[in-house]
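Now for the letters of each chain:
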Amino acid sequence: MNPQAKLVFTTSLLLGTTITISSNHWILAWTGLEINTLAILPLISKSHHPRAVEAATKYFLVQAAASALLLFSSMTNAWYTGQWDITQLTHPTSCLILTSAIAIKLGLVPFHFWFPEVLQGSPLTTGLLLSTAMKFPPITLLFMTSQSLNSALLTTMAILSAALGGWMGLNQTQTRKILAFSSISHLGWMAIIITYSPKLALLNFYLYTLMTAAVFLTMDSMKVLKLSTLMTSWTKSPALSTTLLLTLLSLAGLPPLTGFLPKWLIIQELTKQEMPLMATAISLLSLLSLFFYLRLAYCSTITLPPHTTNHMKRWHTHKPVNTQIAILTTLSIMLLPISPIILTIM
């Protein structure tokens, strides 16, 4: 892609996100979401492969439907209450329509079908944007309207997302689809807590972004799109494969890694809200996701391809160290000890 065009699309993404997260008026928030959608489409379809064009078309249709629903919910609220302010969403019907619109935008169950297909048709770097940056504006809208939302509906969607995200990822061999189902599963954890502790949901999103960015950039560096390719990565870059193992285990939420922190805090908050059954259910359902993270980790480090050569494999490669991957991986693994500081900032 032309560098100038890429700069225009990236700037538009930043502009759209900034407009949405800083607006108080529904029309401005909607405008930001539309700018975002239009800016990411060329990045999805830049390879001109039929799969990429199909992914871009699906993404456009789904996001257009979600934006129309969002606009409809805000107009219904304005019709009944006279308020266009985002935080003043009080009409019950508007709240239900808004929850559905944002669930479609995020890819929460039962509106999740588009997300794995779109991610599979996109390059890894665009997949990273779709999994993280594109989900930030809808999450902020949920954050701003969290007081008015229906807790029972969000909890149901969250449990279903955790279940289906784990269940449907079990049989996948494409790394992008596995990461898509991982994203759906993590969204379940955010949705279940957003009405009780919105700040905790945002913390979960930030840490999820850190860990997912580390995994996507590592896979992009190793050019891994399938599990069979991942199995041969150890001989080419053992150090990177080792850090990928730790990042995947962190994404699974195993202590003493960073990913354990949001899960632990969410379970604690759900218990405080007298929802021990929901806490138990979502914890057990995260074991499904743990299986495919362990499968990825097993493929990247423990499965070695057969060699005919007898020479020693070198740990040090001549490729320069990618600073972004180094920083993100370190943060993805080592933030748990400073959790008291993170909690005081919240």
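Residues numbered from 1 in each chain as written. Predicted model: local features only at pLDDT ≥ 70, side-chain atom pairs only at ≥ 80, totals over all residues. Heavy atoms only, no water.

- Naming follows an unreviewed UniProt entry, where the protein chain appears as NADH-ubiquinone oxidoreductase chain 2 of Sitta carolinensis.
- UniProt's Subcellular location (unreviewed entry) comment on the protein chain is quoted here verbatim: "Mitochondrion inner membrane".
- Turning to the protein chain, the UniProt record has this under Function (unreviewed entry): "Core subunit of the mitochondrial membrane respiratory chain NADH dehydrogenase (Complex I) which catalyzes electron transfer from NADH through the respiratory chain, using ubiquinone as an electron acceptor. Essential for the catalytic activity and assembly of complex I." (UniProt positions renumbered as here; feature names shortened; annotations may be inferred.)

### Here's the deal with the overall build of the protein chain
Alright, step 1. Looking only at helices and strands, the protein chain has 17 helices and zero strands in total.
Alright, step 2. The C-alpha radius of gyration computed for the protein chain amounts to 20 Å, which stays within 12% of the reference 20 Å derived for 346 residues, consistent with globular compactness.
Alright, step 3. Its C-alpha atoms give the protein chain principal-axis dimensions of about 75 × 50 × 35 Å.
Alright, step 4. For the protein chain, the proportion of its 346 residues judged to be buried stands at 53%.
Alright, step 5. Residue pairs in contact within the protein chain that sit at least 24 positions apart in sequence constitute 77% of those at least 6 positions apart.
Alright, step 6. Accessible area of the protein chain: about 15500 Å², with a carbon and sulfur share of 70%.
Alright, step 7. Of the charged side chains in the protein chain, 18 are positive and 7 negative; the average position of the first set lies 17 Å away from that of the second. (Helix = DSSP H or I, 4+ residues; strand = E, 2+ residues; numbered from the N terminus. Rg over C-alpha atoms; globule rule 2.2 N^0.38 Å. Buried < 20%, exposed > 50% of the residue type's maximum accessible area, 1.4 Å probe, protein only. Contact = heavy atoms within 4.5 Å. Areas by Shrake-Rupley, 256 points an atom, 1.4 Å probe, with all protein chains shown as cover. Lys, Arg positive; Asp, Glu negative; His and termini not counted. Charge placed at Lys NZ, Arg CZ, Asp CG, Glu CD.)

### Points about the UniProt feature "transmembrane region" (unreviewed entry) in the protein chain
Alright, step 1. In the numbering used here, UniProt assigns the feature "transmembrane region" (unreviewed entry) to residues 56-76, 96-115, 152-171, 178-196, 202-219, 239-257, 277-304 and 325-345.
Alright, step 2. Secondary structure across residues 239-257 divides into 74% helix and 0% strand, with the first and last C-alpha atoms of the span separated by 18 Å.
Alright, step 3. Helix makes up 81% of residues 325-345 and strand makes up 0%, while its end C-alpha atoms are separated by 25 Å.

### Things to note about the domain arrangement of the protein chain
Alright, step 1. For the protein chain, the domain assignment lists domain 1 (1-123) and domain 2 (150-345).
Alright, step 2. Spacing between the C-alpha centres of domain 1 and domain 2 amounts to 25 Å.
Alright, step 3. Facing the 18 residues of domain 1 at the interface are 20 residues of domain 2.
Alright, step 4. In this assembly, domain 1 packs against domain 2 so that about 1600 Å² is buried in total across both faces, 74% of it on carbon and sulfur atoms.
Alright, step 5. Inspection of the domain 1/domain 2 interface yields one salt bridge. (Domains from an automatic or database assignment. Buried area = accessible area lost by both parts, 1.4 Å probe. Salt bridge = Lys/Arg side-chain N within 4 Å of Asp/Glu carboxyl O.)

### Examining a nonpolar patch on the surface
Alright, step 1. On the surface, Ile27, Met75 and Trp84 cluster together into a nonpolar patch covering about 260 Å² of accessible area.
Alright, step 2. If you trace the backbone, Trp84 turns up in the loop between helix H3 (50-81) and helix H4 (92-106).
Alright, step 3. According to the relative accessible area criterion, Trp84 is partly exposed, its value standing at 30%. (Patch = residues over 30% accessible without salt bridge, like charges linked within 9 Å, V, L, I, M, F, W, Y side chains within 5 Å.)

### A closer look at the pattern of salt bridges
Alright, step 1. With the rule as written, the count across this model stands at four salt bridges.
Alright, step 2. For Lys58, the salt bridge is made with Glu54, and the minimal N-O distance between the two is 2.8 Å. In this pair, Lys58 and Glu54 are both assigned in helix H3, four residues apart and thus about one turn of the helix distant.
Alright, step 3. Take Lys58: its relative accessible area is 30%, and that puts it in the partly exposed class.
Alright, step 4. On the basis of relative accessibility, which here comes to 35%, the residue Glu54 falls in the partly exposed class.
Alright, step 5. With a shortest N-O distance of 4.0 Å, Glu117 and Lys58 are connected by a salt bridge.

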